[in-house]
Amino acid sequence: FNVFTGDPRKFDPTFKGPIYNRGCTDILCCILFILALLGYFAVGILAWSQGDPRKVLYPTDSKGQFCGQVGSPLEKKPLLFYFNILKCASPLVLLEFQCPTTQICVERCPDKFMTLVKALRKEDDREYYKQFCKEGVDMTKQAPEILKNGLCPSILTPSKNFTRRCLPALETLKGGVVVVGNKTTFTDDRGQNINATDLLEASKKSNVVVEARAVAMRIFEDYTQSWHWILLGLVIAMLVSLMFILLLRCLAGVMVWVMIIMVVIVIGYGIFHCYMQYASLKGQAGSDVTIKDLGLQTDFSVYLQIQQTWLAFMIILCIVEVVIILLLIFLRKRLLIAIALIKEASKAIGHVMSSLFYPLLTFALLSLVIAYWGITAVFLSTSNEPVYKVFNTTECMYSRDTCNPETFNSSNITTECPDAECLFAFYGGETLYHKYLILFQFYNLFLFFWCANFVTALGQVTLAGAFASYYWAFKKPDDIPAFPVFNSLGRALSNYGILHPLLSVCYVHLNLGLLPPGAQNKCAKFLLSCLKCCFWCLEKFIKFLNRNAYIMVAIYGKNFCTSAKDAFFLLMRNIIRVAVLDKVTDFLLFLGKLLIVGIVGICSFFFFTGKIKIVEDAAPSLNYYWVPILTVVFGAYLIAHGFFSVYAMCVDTLFLCFLEDLERNDGTADRPYFMPERLLSILKKSNEGVKTVD
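Residues numbered from 1 in each chain as written. Predicted model: local features only at pLDDT ≥ 70, side-chain atom pairs only at ≥ 80, totals over all residues. Heavy atoms only, no water.

What follows concerns the overall build of the protein chain. When its secondary structure is counted, the protein chain shows 24 helices and twelve strands. When burial is assessed residue by residue, the protein chain has 46% of its 694 residues classed as buried. Taking the contacts inside the protein chain whose residues are at least 6 apart along the sequence as the reference set, 70% of them involve residues at least 24 apart. For the protein chain, the exposed surface amounts to about 36,000 Å²; the carbon and sulfur share of it is 64%. (Helix = DSSP H or I, 4+ residues; strand = E, 2+ residues; numbered from the N terminus. Buried < 20%, exposed > 50% of the residue type's maximum accessible area, 1.4 Å probe, protein only. Contact = heavy atoms within 4.5 Å. Areas by Shrake-Rupley, 256 points an atom, 1.4 Å probe, with all protein chains shown as cover.)

Okay, structure coming up:
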């Protein structure tokens, strides 16, 4: 027995492929998974009972009420108005995402300058001004009394709706002069001189959070306008992927070379298009601005109007093109072997055609997992209660303390701090549920990775079992069992493994850079980079070992750890063959995915940018045309990956079964090989004097 390779398999005349009579394995892991799922459902139910997604959609006034909420008294008041926007420049905005000023819901934003003193002189002005005051204000009182009680703002400035908030209608003239309503400065009722630049800074700080929401809302709007076109693009990607797989089944050798040539052509066209865009911008005003000078822009189309963006795209595509061509040159001999192995896999898939449609089940299960995670995350993040804080303009010992708006006026706080107000600050809570809310979010994320990896692993075990049934059929296709995929799925559900999901969560945690606040130094960052590298290598190794372990699980029905050990030893005993074929077939199949993504991506680019004259009128009007394009490209890759993963799993299963076959049998009449002659020739095994199954 060799500690690194283990003992080779012995001849067993009773072995006819995947073991059917098997019991449940990895019982402890299975129990843990079931308990974790029950806890996951409990977290979801708790989140759905406490959460309120309206907090994401609607702005909130100083009382915690939703502006514009359908069916509420504020339904016709969808906009949020700030009494004093200048207070939004306070650092508190960055900490609590709430301006320390009174906020009310209004039907429209003010469109002219007006002070409270001026408004009280005329009845029409009073009625206009009243809509921007608290409900029930008596406009017959004097301005000082109204302002003292905080019932109205001291001044109105022309404003505009931005993410459902009334912000000053600021403009920047030539020379950098900032104006609001054609004025650079104005005076409020207290005689204070207000500069338009101060309003600009306050508006910017008040939008530290809502800027991201604005982009998100525009993206959401684009999805509502283009979702049916995105769905059509994904259906086309699925049809193209299925067509490629069927053609690969019939013309494997030809299709592989077609994929290789087409990928080189598609990337070459991308380089040419980027160069033409780069050349067309040459000499245009502002096109020579760098991305660094431009900074972060919410309108991402601005980046496509500068030369540096297209130059960067062109350089990236050139590097990808060169790398692919060099790989094709250096791997040309291995490519021939891999192509022959893909041909054999095509024959196997031809006898197990139902395997081509199994990815649809995987997509459905993954969609269910993603949807549950997303909905639970939204409800968890919106399950806080409104928290009210004491806000004041002068020094006060109760400043920023939690308060109750219903009892605030009768408390001693108003006596010691006359200008203090009890205003809505943020959403939080003091209950046990709210204290552990962040842990629930991490639990939600952890179970998401666990369930997603379980669904992926289930698909790999199922396909491996189906293709193993094909390989170990002595007379093909007569000895192939009926419904091999369905039978394999039933066997797969009796096995379970836990290692890889845990490792994925650790790796993602490191990738996010979740260091403690005191560890953000160069030494810690260096150690983190080393850990990332080690975990990346370890994850790649575990993924590779997992696939082969799942194949052994599908064949023998042993537990995960035993199967992983057997697969590892089998590969180590055949390390030379593994080195010849490892990742070469994956590389060829990856080129197929790139080709499908490239074709669908280019077509969606021309459609959504209105460059196809025939369907120019059908293209939707969008804020960001890259939103549906990237969605279609990402979805097309997932779809192509799903279909090509069938081929990848088939190749890996045939290869591992081939290695087992070599150890169990010797090609004689008593111990014939189960492999076809073609598979022997693929792996440079002499056919002389051996009897094989064909």
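In the Ramachandran plot, phenylalanine 483 falls in the positive-phi region, its phi being about 50° despite a non-glycine side chain. Along the polypeptide, phenylalanine 483 turns up in the loop between α16 (437-471) and α17 (484-492).

Turning to the UniProt feature "transmembrane region" (unreviewed entry) in the protein chain, a few remarks are in order. Those residues carrying the UniProt feature "transmembrane region" (unreviewed entry) are residues 27-48, 227-247, 254-272, 310-331, 352-375, 447-472, 587-610 and 622-644 in this numbering. Annotated as residues 352-375, this span is 75% helix and 0% strand, and its ends, taken at the C-alpha atoms, are 37 Å apart. For residues 622-644, the helix share is 83%, the strand share is 0%, and the end-to-end C-alpha distance is 33 Å. (UniProt positions renumbered as here; feature names shortened; annotations may be inferred.)

Before going further, it helps to examine the side chain of aspartate 125. Mapped onto the elements, aspartate 125 comes out in helix α5 (residues 123-130). No salt bridge is formed by the buried aspartate 125, whose closest oppositely charged neighbour, lysine 112, lies at an N-O distance of 4.6 Å. Residues within four places of aspartate 125 in sequence aside, it is in contact with Met114, Lys118 and Ala119. (Lys, Arg positive; Asp, Glu negative; His and termini not counted. Salt bridge = Lys/Arg side-chain N within 4 Å of Asp/Glu carboxyl O.)

It is worth spelling out the pattern of salt bridges at this point. Taken as a whole and judged by the stated rule, the model has five salt bridges. One salt bridge connects glutamate 145 with lysine 141, and the closest N-O pair in it is separated by 3.7 Å. Classification of glutamate 145 by relative accessible area gives partly exposed; the value is 38%.

In protein chemistry, a disulfide is the covalent bond that joins the sulfur atoms of two cysteines. Summed over the entire model, instances satisfying the criterion amount to three disulfides. What pairs with cysteine 109 in a disulfide is cysteine 166, and their sulfur atoms sit 2.1 Å apart. Taking the sign of the torsion about the S-S bond as the criterion, the disulfide between cysteine 109 and cysteine 166, at about -85°, is left-handed. Placement of the pair is cysteine 109 in the loop between β2 (103-106) and β3 (114-115) and cysteine 166 in strand β6 (residues 165-168), with a sequence separation of 57 residues. Classification of cysteine 109 as buried rests on a relative accessible area of 11%. A disulfide-free cysteine, cysteine 274 has its sulfur positioned 8.6 Å from the sulfur of cysteine 318, the nearest such atom. (Disulfide = S-S within 2.5 Å.)

Below, the discussion takes up helix α1 (residues 27-50). The first and last C-alpha atoms of α1 sit 35 Å apart over 24 residues, in line with the 34 Å expected at 1.5 Å per residue. Contacts made by the buried residues of α1 are with α13 (358-381), α15 (432-435) and α16. (Expected span 1.5 Å × (residues − 1).)

Right, let's talk about the environment of phenylalanine 560 for a bit. Residue placement: phenylalanine 560 occurs in helix α20 (residues 560-573). Between the C-alpha atom of phenylalanine 560 and that of tyrosine 550, which follows or precedes it by ten residues, the distance is 7.5 Å.

All right, on to the packing of helix α11 (residues 307-330) against helix α22 (residues 584-608) then. In helix packing, the relevant descriptors are the interaxial angle and the interaxial distance, both defined with respect to the helix axes. One can describe the packing of α11 onto α22 by two numbers: an axis separation of 12 Å at closest approach and a directional angle of 145°. Between α11 and α22 the crossing geometry is left-handed. Judged by residue contacts, Ile324, Leu327 and Leu328 of α11 engage Phe587, Leu591 and Leu594 from α22. A breakdown of the residues in the contact of α11 with α22 according to their chemical character gives six nonpolar, no polar and no charged. (Axes fitted to C-alpha atoms, helices over the stretch in contact; angles between N-to-C directions. Left-handed = near helix turned anticlockwise from the far one by under 90°. Nonpolar A, V, L, I, M, F, W, Y, C, P; charged D, E, K, R; others polar.)

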